[in-house]
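An overview of the molecular structure
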Amino acid sequence: MRKYFCPETPPPSERSIIFEIGTRQKRAKSIRPVFLPFSGCPMHCVYCAQDRQTGTNLSGGLSPLLAETEKAMLALPPCAEETPRELAFYGGTFTALPAEERRACLSMLDRLREAGRITHARCSTRPDALSPAIFGELNAHGIDLIELGIQSFDTAALSASRRGYDGATALRACRMVLEAGFELGIQLLPGMPGSSPDVFIKDAEQALALKPSCLRFYPCLVPAGTVLARWLEEGRYSPWSLEETVSTLGRALAMAWQEKTPVIRLSVAPEPAFDAAVLAGPRHPALGALIQAEALIVSVQEAIKTLGLPPQALLLPRSCQGFMYGEHGMLKARWAALGLTPERIFFTGGEKAELRA
Ligand code: SF4
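Residues numbered from 1 in each chain as written. Predicted model: local features only at pLDDT ≥ 70, side-chain atom pairs only at ≥ 80, totals over all residues. Heavy atoms only, no water.

**A short note on the environment of Y218**
Among the secondary structure elements, Y218 is positioned in the loop between β7 (214-217) and β8 (222-223). As for Y218 and Q151, which are separated by 67 residues in sequence, their C-alpha atoms are 8.6 Å apart. Apart from residues no more than four positions distant in its own chain, Y218 is found in contact with Q187, L188, L189, P190, R265, S267 and V268. Reaching out from Y218, the side chain makes a polar contact with the side chain of R216 at a distance of 3.4 Å. (Helix = DSSP H or I, 4+ residues; strand = E, 2+ residues; numbered from the N terminus. Contact = heavy atoms within 4.5 Å. Polar contact = N/O pair within 3.5 Å; in protein donor to acceptor, adjacent residues only side chain to side chain.)

**A few points about helix α3 (residues 99-114)**
With 16 residues, α3 ought to run about 22 Å at 1.5 Å a step, and its terminal C-alpha atoms sit 22 Å apart, in line with that. Among all positions of α3, only R102, C105, L106, M108, L109 and L112 are buried. Mapping the buried residues of α3 onto a view down its axis gives an arc of 150°, with all of them on the same face. Along α3, exposed side chains directed more than 90 degrees from the buried face belong to E100 and E114. Elements in contact with the buried residues of α3: α2 (62-74), β3 (85-90), β4 (120-125) and α4 (132-140). Just beyond α3, the residue with positive phi is G116, at close to 75°. (Expected span 1.5 Å × (residues − 1). Buried < 20%, exposed > 50% of the residue type's maximum accessible area, 1.4 Å probe, protein only. Arc of directions from axis to C-beta.)

**Some words on the sheet that holds strand β13 (residues 353-356)**
Strand order in the open sheet formed by four strands is β1-β13-β11-β12, with mixed pairing between adjacent strands. Of all the strands in the sheet, just β1 (16-19) and β12 (345-348) have a single pairing partner and so form its edges. Within this sheet the neighbouring strands show an average axis-to-axis angle of 15°, counted without direction. With four bridges joining them, β1 and β13 adopt antiparallel strand pairing. Among the inter-strand pairings, S16 is bridged to a residue of β13, identified as R356. The strands that helix α11 (residues 287-307) touches are β1, β11 (313-317) and β13; relative to β1, the one it contacts most, it runs at about 145°. (Pairing = 2+ DSSP bridges. Axes fitted to C-alpha atoms, helices over the stretch in contact; angles between N-to-C directions.)

**Observations regarding the pattern of salt bridges**
Opposite charge on two side chains allows them to pair when their charged atoms are near. Tallying each qualifying case throughout the model produces 15 salt bridges. For E20, the salt bridge is made with K260, and the minimal N-O distance between the two is 3.9 Å. One end of the pair, E20, is in the loop between β1 and β2 (30-35); the other, K260, is in the loop between α9 (242-258) and β9 (263-265), with 240 residues separating them in the sequence. Classification of E20 as buried rests on a relative accessible area of 12%. Look at the salt bridges and you will find they share partners, linking E86, R122, E147 and R216 into a network. (Salt bridge = Lys/Arg side-chain N within 4 Å of Asp/Glu carboxyl O.)

**Side note on unusual backbone geometry**
Unusually for a residue other than glycine, K260 sits at a positive phi of about 60°. The phi torsion at H328 lies on the positive side, around 55°, for a residue other than glycine. In this fold, H328 is placed in the loop between β11 and α12 (332-337).

**Here we look at the packing of aromatic side chains**
This structure, assessed with the given rule, holds five aromatic pairs. Their ring planes at 20° and their centres at 4.8 Å tell us that F89 and F94 sit as a pair that is stacked. Looking at F89, the relative accessible area reads 0%, which means it is buried. Ring geometry for F200 against F217: centres 5.2 Å apart, planes inclined by 85°, an arrangement best described as edge-to-face. Of this pair, F200 sits in helix α7 (residues 197-209) while F217 sits in strand β7, and the two are 17 residues apart along the sequence. The same class applies to F200 as to F217, namely buried. (Phe/Tyr/Trp six-rings, centres within 6.5 Å; stacked < 30°, edge-to-face > 60°.)

See below:
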């Protein structure tokens, strides 16, 4: 039996602090993704291997993919109030698709909504592919959240990564999405060429200040066949180590928790063809859990500082049990160094953390 679980929580203390440790995105829980790798993209970005990342090949054109998606969606039971469902156009640059292809996607969305199979919809795009006309079109077809592949707000990093826009454009695009009445999602790429842990923390601060509905962090990897793979071979690029990634993203995630902003991705989703093609970079099967564990320690350190007293008890949601001690319990010593040995840690049915002195 694991000794660090104690069913009895200690009595409330007047000297305590309650803090956030994660927020869920309050949208449809069921998301049906439609991947459109490279579609509409003005170029292949130096690190991008979206076809392998998404496991989708569009060599047969868009029509078969849309027909298959529509058929599968119509076979699902209609949505009810308690069972919302979202269609998400991911990958590529949705707002720069050829007009006919974008219309085909949006018409399918209309039919699925009319048939009651969809309640929400989102698309992802680049910050330099927006316009009032595009906003009008997306709005007319019920897209309610736009995710921007910002990657960074730092002009030097964007330039080193050859993204083709600067930090001011990235910031302006986020504001345009919000001012046009859409929910905003921001994707960041820690470890991209030209970035550093300090740059990424500033990126996360800037993103959080915009109050987006969600964030995604995609630690930069080096897939074979990309420009980044060549730069790696030539010694022009070094990926972040796993340790650097975990500690930096852990800090950023703790910041997002404090702001109650959901971070809905902490690593690229597993995909066998993509995993086989990764040459270097912070890839780990439990990367998300390692980052969450780091964020939890950072959050508790902050809470101890604020409390100004040695902690006597830490109450955590049960969901933390699976990750707080890290891989093979490697974080136990760090918890103990904070004065939080297993007998002082209690798991509850709540959603927030509480530190008691
Ligand atoms: S714009 Fe986005 S999807 Fe297109 S190549 Fe660049 S990173 Fe990949």
